[in-house]
Amino acid sequence: MRRPQTPRRAAPAARSERLKDVAAIVTPLWAFLGAVAAPLLGGGAAGRVVFVVASLVILVLTVLVVVVLLGARLGPVGTAVAWLGTLLRAFFGGVWRLVVFVALLVRATVEWVSRRTGPLTAGALGFVAGVLAVVLVLQGGPLVRIGLGWALSTPCDQPLELRVLTSAENVAALQAAGRRYADESADLRGCPRVRFSVTPQPPLATMSQAANKEWNDPASWNSSTYRALIAVHPDIWIPSSAATEEYLRQAFANLGQVTFDRMTPVATSALLVAFTPTLEARLGTQTPPTDLPGMRAWLETVGAPLARPRADLSEIGLIASAGLYGADTSKDISDEMAYTPPNLPLSDAASLLCYARDRFDTVKESLAMIVPEHLVYAVNNHQDLGACAPGRQTAGLSWHRLDGLPTLSYRYVRLKWADQWNEARERAAIDFHDWLAQDKLAPYGYRDSAGVSDRKEPMPLGKELDSGQADSAEPATVEPARLIDRLGKAHPETSFLLLVDASGSMGNPITGGTALQRASSGASTLLRRLREGRDTVRLATFSDSGGIGETLVTGSAQVAGRLGALAVHGRDAPLGDVLARAAPLLADTPNPVVVMLTDGGHEAGDLGRTVAALRKVKGLRVRLLLTGEQRCDADHIARLVKAAGEVVKCAPISRAEAVTPYQDQVDEVDKELTELWRESP
């Protein structure tokens, strides 16, 4: 059942903006009436009747505008008034002078005609001219805007930039919506008043840590003066549930420089299970089970995994986990392995769907994915997903219900940074919220804030979402802090040694910087994924002149501080010899892992000595991550990997080497960390 929506009580500043909106809409209408008042009132009984009728119409419209803009919902009438408000907003501000000028011109013309043809004819002419003028200004389109721009002959001002932060699954839709809003709210010359930058948010746990460190990246926090922001200072954050909003609000409570101002949701989307075309074909005429045990059992019989974005990286994955995990924690490790199959990009649902879509017509992969409904709509309608461009696949995804999955409710939060917020930013952020709340995300597959979809095509989950999944119930079922801690414990405690190549060749330019910069970026990604209190990390550099010597620093903060200050020196060192010297540093540590970041060098070294040293450290695993132009099939690297057996594995983290265009070093590092977790004893 659709839930009635309680109108939002406007704050004092918001009420002030509403009064300005009222003035913006009704001012040109009353100005037009004033322009034709004299000839109409002087035109006898018929003219006076026309004037009274026009006055009543404008008066009723004024009342409707006030009522709607103060929060009341009047169905189609309210929608029409809001539409008129969007069109007439441009009249408020500098353009009102143009309106007054036109009104005086119309009045002068009508009076001149009145002296020659009679007041009744002049009044009728003025009324028709006024109506045509308003229609022409509102609907004349680009030609009228260009003409007015030429007539006003003033350049466009720099538009206000609003910075929006949201999950990767919403980026493409909000970018498109932002462009529409900027176009619709442009002035009569076509000059945009606002523009948007929409950025995918970091993992929730990272954002929480950053909120306690002045919005700086925890991986760059150290005792020096160097700091790196975790993301842009957002003016607007659009989280995917009330629970995740509350989780971050509590973190922001400790950050005095920003005010966390909540507003009502602007859209919703269901979580569902999407089947690739190959998997749907195997389903045939059957109806898949809607309960989790039944769904997993059926998928197991056809050999298809049930994939979900990683809960430690994706807000959507974390919210979905609330419907996948019960009170029993004994199977958390096996369940997490089941939901995070290997060799899939699971940083977010958009990347996962890009991966699946690219294989519809070639690989024919059987895959079930827990993803938002609006992204399935985007795939099937060839829309931009953010992580990849619009597709041209011939087939589409099918979608099925899975009981217990929470509904995504897209809240709207204004983040008022003390040194950046002003009245213009306040007004623009409120206006954009009110515009979005008019179901403006529907063209991108979203439902309205009450969970209702007005799309004409069949909806597997129905036109209205089950009220039992309503957003108001989420905080009781989705507990981000508890889930993050619980799922973190499904990953074993790990001891990392970061070995960063500091030889001279690491300073050579490559696409996107240098190999050393790419190595630092990959190492920073790893640091962000560490679980505080469970994982340990040490950093050492190597080259032929410096060897590895003693460990440079220990601990995430100290390692982060040194990564930003690494410099190259010396020549390439044999990779095997470096590993032989580094392995003893992890002796007697739990779940030891060496991550070597290098451009590859040119020599393998004494492989017999290397293998012997690696075998002495129980459970040791090595990841050789290439940050330059070398490939894993280079002769000296292939010999090292072959000699060490399963202990050493090689992978590139170069964008050019990535399997798909939307993968980068972050995805590749995450993939390697996932494999390390799955291989852990």
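Look a little higher up for the structure.
In this report, the structure presented in the accompanying data block is examined.

The rules behind the values
- Every chain is numbered on its own, with residues counted from 1 as its sequence reads.
- The predicted origin of the model limits local features to residues at a pLDDT of at least 70 and limits the giving and counting of side-chain atom pairs to 80 or more, whereas totals for whole chains, interfaces and linings rest on all residues.
- Here the side-chain values reflect all heavy atoms present in the structure, with hydrogen atoms and water set aside.
- Secondary structure elements follow DSSP: runs of H or I of four or more residues count as helices, runs of E of two or more count as strands, with numbering from the N terminus.
- We define a polar contact as two N or O atoms separated by no more than 3.5 Å, with the added condition that, inside protein, one atom must be a possible hydrogen donor and the other a possible acceptor, whereas residues neighbouring each other in sequence contribute only through side-chain atom pairs.
- Should any heavy atoms of two residues lie within 4.5 Å, those residues are counted as being in contact.
- Only when DSSP finds a minimum of two bridges between them are two strands counted as paired.
- Fitted lines through C-alpha atoms give the axes, limited to the stretch in contact for helices. The angle between two N-to-C directions lies from 0 to 180 degrees.
- Put simply, a salt bridge is a Lys or Arg side-chain nitrogen that is within 4 Å of an Asp or Glu carboxyl oxygen.
- Per-residue accessibility, obtained with a 1.4 Å probe over protein chains only, is compared with the maximum for each type, and a residue is labelled buried under 20%, exposed over 50%, and partly exposed between these values.
- For patches, a residue must show more than 30% relative accessible area and have no salt bridge; joins then use 9 Å for like charges and 5 Å for nonpolar side chains, namely Val, Leu, Ile, Met, Phe, Trp and Tyr.
- Residue-level accessible areas treat just the shown protein chains as cover; the underlying method is Shrake-Rupley with a 1.4 Å probe.
- Throughout this description, any angle smaller than 35 degrees is read as roughly parallel, any larger than 145 degrees as roughly antiparallel, any in the 65 to 115 degree range as roughly perpendicular, and the remainder as oblique.
- Rotating anticlockwise by less than a right angle from the far helix to the near helix defines a left-handed crossing, while the corresponding clockwise rotation defines a right-handed one.
- Classification used: nonpolar for Ala, Val, Leu, Ile, Met, Phe, Trp, Tyr, Cys and Pro, charged for Asp, Glu, Lys and Arg, polar for all others including Gly.
- A pair of sulfur atoms, both from cysteines and within 2.5 Å, is called a disulfide here.
- To pair, rings of Phe, Tyr and Trp, with the six-membered ring standing in for Trp, must have centres within 6.5 Å; the planes then decide the type, stacked if under 30 degrees apart, edge-to-face if over 60, and tilted in the middle.

Moving on, we come to the side chain of R163. Considering the arrangement of structural elements, one finds R163 in strand β1 (residues 160–166). Engagement of the side chain of R163 in a polar contact is seen with the backbone oxygen of H233, the distance being 3.0 Å. Contact partners of R163, with chain neighbours within four places excluded, come to S197, V232, H233, P234, D235, I236, Q420 and R425.

Before going further, it helps to spend a moment on the sheet that holds strand β6 (residues 306–307). Read from one edge to the other, the open sheet built from four strands follows the order β6-β7-β5-β8, with strand pairing classed as mixed. Each having just a single partner strand, β6 and β8 (398–400) make up the two edges of the open sheet. When β6 meets strand β7 (residues 368–372), the two strands line up parallel, connected through two bridges. Looking at β7, one finds that A307 is bridged to M369. Strands β5 (271–275), β6 and β7 of the sheet are contacted by helix α11 (residues 292–301), whose axis makes an angle of about 15° with β5. Of the strands in this sheet, β6 and β7 are in contact with helix α14 (residues 349–357), which crosses β7 at around 135°.

Attention now moves to the pattern of salt bridges. Tallied over the entire structure, the rule returns 23 salt bridges. E373 is paired through a salt bridge with R447; the nearest N and O atoms lie 2.8 Å apart. Here R447 lies in the loop between α16 (423–436) and α17 (474–477) and E373 lies in helix α15 (residues 373–380), a separation of 74 residues in the sequence. Exposure remark for E373: the relative accessible area of 0% places this residue in the buried category. E479 is paired through a salt bridge with R482; the nearest N and O atoms lie 3.4 Å apart. Taken together, the shared-partner salt bridges in this structure form one network comprising E245, E246, R249, R262 and R411.

With that settled, consider a nonpolar patch on the surface. Where nonpolar side chains cluster on the molecular surface, the patch consists of V52, L56, L59 and V63 and spans about 340 Å² of accessible area. Tracing the chain through its elements places V52 in helix α2 (residues 44–69). The class of V52 is partly exposed, set by a relative accessible area of 44%.

Right, let's talk about the packing of helix α21 (residues 575–582) against helix α22 (residues 607–615) for a bit. Direction vectors running N to C along α21 and α22 enclose 30°, while the axes themselves pass 8 Å from each other. Judged on the interaxial angle alone, α22 and α21 are roughly parallel. Read as a crossing pair, α21 and α22 show a hand that is left-handed. For the pair α21 and α22, contact is made by G576, D577, L579, A580 and R581 and by R609, T610, A613 and L614, respectively.

Here we come to the packing of helix α7 (residues 171–184) against α16. With their axes 11 Å apart at the nearest point, α7 and α16 run at an angle of 110° to one another. With respect to α16, the element α7 is oriented roughly perpendicular. Here L174, A177, G178, R180, Y181 and E184 of α7 lie close against α16, whose contacting residues are A428, D431, F432, W435 and L436. The residue inventory of the contact of α7 with α16, partitioned by class, reads seven nonpolar, one polar and three charged.

This part takes up the pairing of strand β15 (residues 592–598). The buried fraction of β15 is high, at seven of seven residues. Covered by surrounding structure in β15 are P592, V594, M596 and T598 together with V593, V595 and L597, the residues of both alternating faces. Note that β15 and strand β16 (residues 621–626) share six bridges and pair parallel. Counted as the bridge partner of T598 is L626 from β16.

We now examine the state of the cysteines. Considering all chains together, one arrives at two disulfides under this definition. The disulfide partner of C354 is C388, and the S-S distance across this bridge is 1.9 Å. Judged by the sign of its S-S torsion, about -90°, the cystine formed by C354 and C388 is left-handed. Taken together, the positions of C354 in helix α14 and C388 in the loop between α15 and β8 put the pair 34 residues apart, joining distant regions of the chain. A single burial state applies to C354 and to C388, both of which are buried. One disulfide in the model links C632 with C650; its S-S distance is 2.1 Å.

Further remarks concern the packing of aromatic side chains. Under the definition given, this model contains 11 aromatic pairs. Relative to W435, the ring of Y181 has its centre 5.4 Å away and its plane inclined at 65°; by these criteria the two rings are edge-to-face. Of this pair, Y181 sits in helix α7 while W435 sits in helix α16, placing them 254 residues apart in sequence. Considered together, Y181 and W435 belong to a single accessibility category, that of buried residues. Connected via pairs of aromatic rings, a cluster forms that spans Y181, F196, F432 and W435.

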